[in-house]
Amino acid sequence: NSEKWIVQRMSEGTFRDLRAKGQIRALKLSDEQFGPFLGAPPERPEEASAGGWDIGVDQVEAEYSYENLSVDYRAPLFPIKQSKGTGRFDLKADTLTAIIEEGKIGSLDLSKGELLLGEVVAVGKGSAEISAHIEGPLQEVISYMSNEPIDLQKKKKIDLKNVKGDAAIDLFMGFDTSKPVLMDEMVITAKGTLKDYVLPDVVKQLDLSGPALDFTLEDKKVSAGGKAELYNRDIDFTWEEYLSSEGKPYKSKATAKLGVDPNLRKELGIVLDFFLEGTVPVDLSYVTQNDGSGVADVTADLTQARFFIEPFDYEKEAGEKGSTEFKAVFKDDDLQEIKGLSGKAPRFTLENTRLDFSGKGKNTALSGGAVKRFTLDETDAKLDFTVDSKGLYKVIFDAAFLDARPFLDAEEAKAVYTDPPTIISATATKMRTADKQTISDTKLYMDIDAEGRFNQLEMDAKSGKGDIYLRFKPDKAGRRKFFMEITDAGAFLKAFNLYNGMRGGTMTVSGEPVKSVRDRNFKGTAEIKDFVVDKAPAMTKLLSILSLPGLMEVLKDD
């Protein structure tokens, strides 16, 4: 066994200054003592007999120096070449020790090395312990660690041509030499420092870089940490990963503190532009499992960011306090889900929200979600939504109280409509329609196209002592017809801040396209009857509002 490790795996070197010493034991035997040796081997292989003598060798020691020696102990690891040093063999301890003063592993410089072979003479046994200080290009270190037994490239593909920097490592390896060496049976430790390094694609396609980074390999786990740059953004992080994670609580774990700006969010595939602008300081802990899944626990300070909800005309300006926390679920580094999302901002709270995502990398897009509860001023509601492959939002909205004033604002419509096509089914126990006015038991259905036009609008609600019934939808021929019936017209006009001087009455409005099926210009009638007007001079204003142009202005898209 030792011949394989000492002779076959050493080559090319020159040995000098060989010295050996030992104790030779020679015992004169009587004929009776000598008899057992005839025809039977001695109990100790190093003993021999000659004539009537029992001869043995004890406490053998040998020393030597060597140069230009190549040692190839464990293919496919790079062999040690051009090594120079001294060695010592001790029969009593059954060890062979080689001190490596200098040498090469590939293009890496090796120094302060030591090779200790144990149980060299013992049959069927043997051990090896190798320690060394290694310095050189980081590319070469990763190449060395890419082979078995560490097999770094198998665990994480690294673009070697874009690796930059140097490394200095103190390495130790211990293993059994009596049988083929298995990774799980090896003891490997390393402590080192990377200098002026660039590690490509550490997080998705983002590089990690910095002037110095300390790392440790111990108990089959690599760990590193400190201050660095991710995608040229400052980051303070810790990271650890098992070389073999079977039976371990996780494959890898990382923590980080960094500022996440819109460009970095885009690179990470975390699409939040529909409600967030600016840089957000983030604390996260990211754990990866063996199956490629991962979960990131995230807390973020929104104070310096702009947070907005356009449909509700809400905005938290940069500088106002705000915070959020959530769990982000990944599969093979692609965002799948944000869950447990909660947040606080002035006049706003968000509870237990889930967001679903589809696609990969930069093509990651929102595909749905559920808001368990949110409050915004008076509004107290929950909602579920999905987004199909064409970008159509389907929303189911349920509110104990809904402040609808942002949706009823009569300001001019946007010059260019930028919101997505949306279908909304909404219910609201109470809905504010004006500063001091509400309607109740509201049910709404809205189908809005990509240009901001209504394809369909339906509403049922109660106002005052009457009902509101509104339908704008295609008939069997595809013609979009408008019909509205109000059984307490005075309460309706007051609730929508149109006119305060009427009591009671019924109101009907109906219209049809002027020309084609898709024509959104209407002709029709509006009628109010059986009503009381408290302030008759205001009738002129009422009639002006109810003229066809005035009515269409009130009912325009926004």
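Read on for an overview of the structure. Predicted model only: the values in this text are computed from it and were never measured.

### As for empty space enclosed by the protein
Moving on, step 1. A complete count under the given rule lists four cavities of 30 Å³ or more for this structure.
Moving on, step 2. Its volume calculated, the largest cavity comes out at about 170 Å³.
Moving on, step 3. Around the largest cavity, the lining comprises 16 residues; the ones closest to its centre are L77, F78, I80, I130 and Y144.
Moving on, step 4. Counting residues per element, the ones that place at least two in the lining of the largest cavity are β8 (127-137) and β9 (164-176).
Moving on, step 5. Looking at the lining of the largest cavity, the element that brings in the most residues is β8, giving three residues.
Moving on, step 6. Residues belonging to the lining of the largest cavity are distributed by class as follows: 14 nonpolar, no polar and two charged.

### A short note on the pairing of strand β4 (residues 53-71)
Residues in a regular strand project their side chains so that they alternate between the two faces of the sheet.
Moving on, step 1. Relative to β4, strand β1 (residues 10-11) runs antiparallel, the two being bridged by two bridges. When the sheet's bridge partners are listed, M10 is paired in β4 with V71.
Moving on, step 2. Across eight bridges, the pairing between β4 and strand β5 (residues 80-90) is antiparallel. For Y66, the partnering residue across the bridge sits in β5 and is G85.

### Regarding the environment of K161
Moving on, step 1. Within the secondary structure, K161 is located in the loop between α4 (152-155) and β9.
Moving on, step 2. We classify K161 as exposed; its relative accessible area is 66%.
Moving on, step 3. K161 sits 39 residues away from P200 along the chain, and the two C-alpha atoms are 9.3 Å apart.

### Observations concerning the environment of L171
Moving on, step 1. Examined against the element boundaries, L171 turns out to sit in strand β9.
Moving on, step 2. For the pair L171 and I188, spaced 17 residues apart in the sequence, the C-alpha separation amounts to 7.6 Å.
Moving on, step 3. Residues contacting L171, with those up to four places away along its chain left out, are I130, S131, A132, I134, Y144, I188, T189 and A190.

### Some words on the sheet that holds strand β19 (residues 314-316)
Moving on, step 1. Overall, antiparallel pairing links the three strands, which are arranged β15-β18-β19 in an open sheet. Looking at the sheet topology across the chains shown, the edges are occupied by β15 (276-277) and β19.
Moving on, step 2. One ladder, built from three bridges, connects strand β18 (residues 306-309) with β19; its direction is antiparallel. Across the sheet, I309 pairs through a bridge with Y314, a residue of β19.

### What to know about unusual backbone geometry
With glycine set apart, most residues show a phi of negative sign, and most peptide bonds adopt trans.
Moving on, step 1. The backbone of D196 shows a phi angle near 45°, a positive value even though the residue is not glycine.
Moving on, step 2. Looking at the secondary structure, you find D196 in strand β10 (residues 187-203).
Moving on, step 3. The phi dihedral of Y231 falls on the positive side, at around 55°, and the residue is not glycine.
Moving on, step 4. Structurally, Y231 is set in the loop between β12 (221-230) and β13 (233-242).

### Focus on the packing of aromatic side chains
Moving on, step 1. Tallied over the full model, the rule gives 17 aromatic pairs.
Moving on, step 2. On the numbers, 5.6 Å between centres and 75° between planes, the contact of F312 with F374 is edge-to-face. In this pair, F312 sits in the loop between β18 and β19 while F374 sits in strand β23 (residues 365-376), placing the two residues 62 residues apart along the sequence. For the pair F312 and F374, one class covers both residues: buried.
Moving on, step 3. Among the aromatic residues, those joined into a cluster by ring pairs are F275, F307, Y314 and F348.

### Section: a negative patch on the surface
Moving on, step 1. On the surface, E135, D166, D170 and D196 cluster together into a negatively charged patch.
Moving on, step 2. Mapped onto the elements of the fold, D170 is located in strand β9.

### Observations concerning the nonpolar core
Moving on, step 1. Judged by nonpolar contacts, the single largest core of 128 residues is most densely connected at L138, F348, F374, F397 and M459.
Moving on, step 2. What F374 contacts, discounting residues up to four positions off in sequence, is F312, F348, T349, L350, T379, D380, A381, L383 and F397.

### Notes on the pattern of salt bridges
Moving on, step 1. Under the counting rule described, the total for this entry stands at 30 salt bridges.
Moving on, step 2. Ionic pairing is found between R432 and E378, a salt bridge with its closest N-O pair at 2.5 Å. Taken as a pair, R432 in strand β26 (residues 422-434) and E378 in the loop between β23 and β24 (379-387) lie far apart in primary sequence, 54 residues in all.
Moving on, step 3. On the accessibility criterion, R432 (12% relative accessible area) is buried.
Moving on, step 4. Taking the relative accessible area as the measure of exposure, E378 reaches 34% and is therefore partly exposed.
Moving on, step 5. Its salt-bridge partner being D403, residue R405 comes within 2.7 Å of it at the nearest N-O pair.
Moving on, step 6. Each member of the salt-bridge network shares a partner with another, and the members are R19, K21, E61, E63, R88 and D90.

Basis of the calculations
- Throughout, a residue's number is its position along its own chain's written sequence, starting from 1.
- Reporting in this predicted model follows two pLDDT cut-offs: at least 70 for local features of residues, and 80 or more for side-chain atom pairs to be given and counted; totals over whole chains, interfaces and linings ignore these cut-offs and use all residues.
- Heavy atoms throughout the structure, all of them, feed into the side-chain values; hydrogens and water do not.
- Definitions used for this entry: grid spacing 1 Å over protein atoms alone; cavity, a set of points where a 1.4 Å probe fits but cannot get out; pocket, an open set with protein on both sides within 12 Å along at least 5 of 7 lines; lining residue, one with an atom within 4 Å of a point.
- Grid points are joined across faces, edges and corners, and a volume is the space filled by probe spheres set on the points.
- Numbered from the N terminus, helices here are DSSP runs of H or I no shorter than four residues, and strands are runs of E no shorter than two.
- We call Asp, Glu, Lys and Arg charged. Ala, Val, Leu, Ile, Met, Phe, Trp, Tyr, Cys and Pro are nonpolar, and the rest, Gly among them, are polar.
- Strands qualify as paired when DSSP identifies two bridges or more between them.
- Partly exposed describes any residue whose relative accessible area lies between the buried limit of under 20% and the exposed limit of over 50%, with all areas from a 1.4 Å probe on protein chains only and scaled to the type maximum.
- Only heavy atoms enter the contact rule, under which two residues are in contact if any of them lie within 4.5 Å.
- Each Phe, Tyr or Trp ring, with Trp reduced to its six-membered ring, pairs with another whose centre is within 6.5 Å; inter-plane angles below 30 degrees give stacked pairs, above 60 give edge-to-face pairs, and intermediate values give tilted ones.
- Think of a patch as exposed residues, more than 30% relative accessible area, with no salt bridge, where like charges cluster within 9 Å and nonpolar side chains (Val, Leu, Ile, Met, Phe, Trp, Tyr) cluster within 5 Å.
- Surface exposure here means Shrake-Rupley accessible area, sampled with a 1.4 Å probe, where a residue is shielded only by the protein chains that are shown.
- Salt bridges, as used here, are contacts in which a Lys or Arg side-chain nitrogen is within 4 Å of a carboxyl oxygen on Asp or Glu.
- Charged residues are defined narrowly, with Lys and Arg counted positive, Asp and Glu counted negative, and His plus the chain ends left uncounted.
- Where a charge lies is defined by one atom per residue type, namely NZ (Lys), CZ (Arg), CG (Asp) and CD (Glu).
- Think of a nonpolar core as a cluster: buried Ala, Val, Leu, Ile, Met, Phe, Trp, Tyr and Cys residues, connected wherever their side-chain atoms sit within 4.5 Å.

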